[in-house]
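Residues per chain, in single letters:
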Amino acid sequence: MSIVETVRVALASILANLLRSSLTMLGIIIGVAAVITMVALGTGAQRAVDAQIAQLGTRVLSVMAGQSFRRGVASANRVSLTVDDYEALVRDAPLLTEVVPELSGGRQIKFGNKNLFHDVVGTTPNFPGVHAVDVRAGTMFTAGDLATRRRVVVLGSEIPQNLEMAPESLIGRTVAINRVPFEIIGVFEEVGERFGPEPDDRLFIPLTTAELRVFGQDRLRGLSAQVVDGVSLEMGMVDIERVLRREHKIRPGEDNDFMILNRRQFMEMAQASTEIFAYLLASIAGVSLLVGGIGIMNIMLVSVTERTREIGVRKALGATRFNILMQFVVEALTIGVLGGVLGIALGGGAAWALTELVNWNVFISVDAILLAVLFSVGVGLFFGIWPARRAAQLDPIEALRHD
């Protein structure tokens, strides 16, 4: 019997028991769909983390106020970073290309008859460049605005939404921050959630204006520092530490009263956790494929028992062991492949639904599809060989006697 004839007989047998074959495929369909969906979720999460790392840049360090220590004992008073610290880093840290301060706090915002409450941030004109934020409408304030303490403001992307106005229409209008009028000169593009500064729901004004006209003090929430290209982040940390320890008059041997954070390390840790989570989800989904394979084996064993007499007749008419083996192997493979194809379609639909309905980050890669197809073929082949060998080894005389 030719291979083509063997395949035809195997397909005819599947169609003759279509309901049973469909139920047998169900385990493979669910398993492959689960693998595709879980891998898509994991890959989408990894790509989102990669995008955040790209947004943060590879050369940026964060400096935060820490705890004061005296003789190894924590003091009750928290130390603050100040504008003087910022100026010292700009002046005396040669390994830093940019330093961005943040003097911030919640303030009442009034625009027309609308009253809001948002964080107001006093910073410098280099904030967008260091933090990878684009201006959607208008412009960022300038060094001249900083020097003259102008009352100008750049809005985060959520502020126009809260004011129910288009960003472009706000340029040139006036908004009151704690009853002090500010001219709106720009609106930032939407950034979304990320590790690091989230400008979407904040208002940005010149540092000098914030210090003297809004907050009345010089204590910073934090600093961001960009390290010179070609210099390691560790050397940048040492440069920052040298300057701030001098400014804070910390003696040798005493602990720092500030913290220097490499945000990229945190994101890479999050990326590693996401990868582990993706592999875990895919492994759990793979159990469904194993169960589906066991289902194929069970049904094929039942099929061998039911068709024992048929096998005996075919052997008596000249069918070889190889012909019988191939018939049952092809049946198992067909069930596995069809289940895999349907599972890929179901998994793709589930991933699309998660994107559209829940707004999750998902990405279906070609590698995941190929892996699912190979796995379903492998499951069909692996769990189909034993029943096929059992059928091929039947004695024709004993098979013909079977009722």
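In this report, we go over the structure that sits alongside the text. (Residues numbered from 1 in each chain as written. Predicted model: local features only at pLDDT ≥ 70, side-chain atom pairs only at ≥ 80, totals over all residues. Heavy atoms only, no water.)

## Comments concerning the environment of threonine 139
Link 1 in the chain: Note that threonine 139 resides in the loop between β7 (135–138) and α5 (143–148).
Link 2 in the chain: Sequence separation between threonine 139 and valine 187 is 48 residues; the distance between their C-alpha atoms is 7.5 Å.
Link 3 in the chain: Residues in contact with threonine 139, not counting those within four places in the same chain, are Val154, Ile185 and Gly186. (Helix = DSSP H or I, 4+ residues; strand = E, 2+ residues; numbered from the N terminus. Contact = heavy atoms within 4.5 Å.)

## Some thoughts on the nonpolar core
Link 1 in the chain: Core analysis: the biggest nonpolar cluster contains 46 residues, and Leu89, Val153 and Ile177 have the highest contact counts within it.
Link 2 in the chain: Among the elements that line this core, the one with the most residues is strand β5 (residues 96–111), at five residues.
Link 3 in the chain: If near-sequence neighbours (up to four positions away) are discounted, isoleucine 177 is found in contact with Arg107, Gln108, Ile109, Val120, Val153, Phe182, Leu203, Ile205 and Val214.
Link 4 in the chain: The next biggest cluster of nonpolar side chains, apart from the first, holds 28 residues, and it includes Val32, Ile36, Leu301 and Ile311. (Core = buried A, V, L, I, M, F, W, Y, C linked by side-chain atoms within 4.5 Å. Buried < 20%, exposed > 50% of the residue type's maximum accessible area, 1.4 Å probe, protein only.)

## Some words on the packing of aromatic side chains
Link 1 in the chain: Scanning the entire structure with this criterion turns up three aromatic pairs.
Link 2 in the chain: On the numbers, 4.8 Å between centres and 45° between planes, the contact of phenylalanine 127 with phenylalanine 204 is tilted. Note that phenylalanine 127 is positioned in helix α4 (residues 127–131) and phenylalanine 204 in strand β11 (residues 202–206), a separation of 77 residues in sequence.
Link 3 in the chain: Residue class for phenylalanine 127 comes out buried when judged on its relative accessible area of 0%.
Link 4 in the chain: Owing to a relative accessible area of 0%, phenylalanine 204 belongs among the buried residues under this scheme.
Link 5 in the chain: On the numbers, 5.3 Å between centres and 70° between planes, the contact of phenylalanine 188 with phenylalanine 204 is edge-to-face. Linking phenylalanine 188 in strand β10 (residues 180–188) with phenylalanine 204 in strand β11, this pair joins segments that are 16 residues apart in sequence. An identical accessibility class is assigned to phenylalanine 188 and phenylalanine 204; each is buried.
Link 6 in the chain: Here the aromatic cluster, defined as three or more aromatic residues joined through ring pairs, consists of Phe127, Phe188 and Phe204. (Phe/Tyr/Trp six-rings, centres within 6.5 Å; stacked < 30°, edge-to-face > 60°.)

Without other data, these values stay purely geometric and don't point to any function.
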